[in-house]
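What follows is each chain in one-letter form.
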Amino acid sequence: MYEVEPMKNIDFGATGVEEVLQNVAFIMATEIMSCPLDREIGWDKTVIDKPIDIAKARITANLTEAIHKFEPRAVIEAIEVTGDGLMGSLKPKVKVSVNESV
């Protein structure tokens, strides 16, 4: 199982498991409609002004849907949302395993 956080750097030569993990990190870092060549990629981050428990649940649901859609080789084991919602900082971490046979 691997723990993934939103992407900070790109390895253009990534292959295999590293490619899958990088794709998950890219999805986590990308807001839907913000990628010029593929407006659908990413996840809906419109959880602003929601109660913290609802925001965490929507982040989990939105990330789950986006990762299943855009990187089917990643099998989500858990999603943890940490941070201080009152300060406007909720950060997701996704635990995935990789199914390379897909």
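For the structure itself, look to the data block above.
Anyway, here's the lowdown on the structure attached to this text. (Residues numbered from 1 in each chain as written. Predicted model: local features only at pLDDT ≥ 70, side-chain atom pairs only at ≥ 80, totals over all residues. Heavy atoms only, no water.)

## Some details on the pattern of salt bridges
- Applying the stated criterion to the full structure yields five salt bridges.
- The partner of Lys93 in a salt bridge is Glu5, with the nearest N and O atoms 3.8 Å apart. Here Lys93 is found in strand E3 (residues 89-98), whereas its partner Glu5 is found in the loop between strand E1 (2-4) and helix H1 (16-29), with 88 residues between them in sequence.
- The exposure class assigned to Glu5 is partly exposed, which follows from its relative accessible area of 36%.
- Sharing partners across several salt bridges, the network here consists of Glu3, Glu5 and Lys93. (Salt bridge = Lys/Arg side-chain N within 4 Å of Asp/Glu carboxyl O. Helix = DSSP H or I, 4+ residues; strand = E, 2+ residues; numbered from the N terminus. Buried < 20%, exposed > 50% of the residue type's maximum accessible area, 1.4 Å probe, protein only.)

## Points about the sheet that holds E1
- Spatial ordering of the open sheet is given by E1-E3-E2, a layout of three strands whose pairing is antiparallel. Each edge of the open sheet carries a strand with a single partner, namely E1 and strand E2 (74-84). Ignoring which end each strand starts from, the neighbouring axes of this sheet average 25° apart.
- Pairing of E2 with E3, which is carried by ten bridges, proceeds in the antiparallel orientation. Paired with Val81 across the two strands is Pro92, which belongs to E3.
- Across the sheet, helix H2 (residues 52-70) is in contact with E2 and E3; its angle to E2 comes to roughly 150°. (Pairing = 2+ DSSP bridges. Axes fitted to C-alpha atoms, helices over the stretch in contact; angles between N-to-C directions. Contact = heavy atoms within 4.5 Å.)

## Points about the environment of Phe70
- With respect to the secondary-structure elements, Phe70 resides in helix H2.
- Judged by relative accessible area, which is 24%, Phe70 ranks as partly exposed.
- Along the primary structure Phe70 and Asp84 are separated by 14 residues, whereas in three dimensions their C-alpha atoms are 28 Å apart.
- Ignoring anything within four residues of it in the chain, the contact list for Phe70 reads Ile27, Glu40, Ile41 and Gly42.

The values are spatial; any link to function lies outside them.
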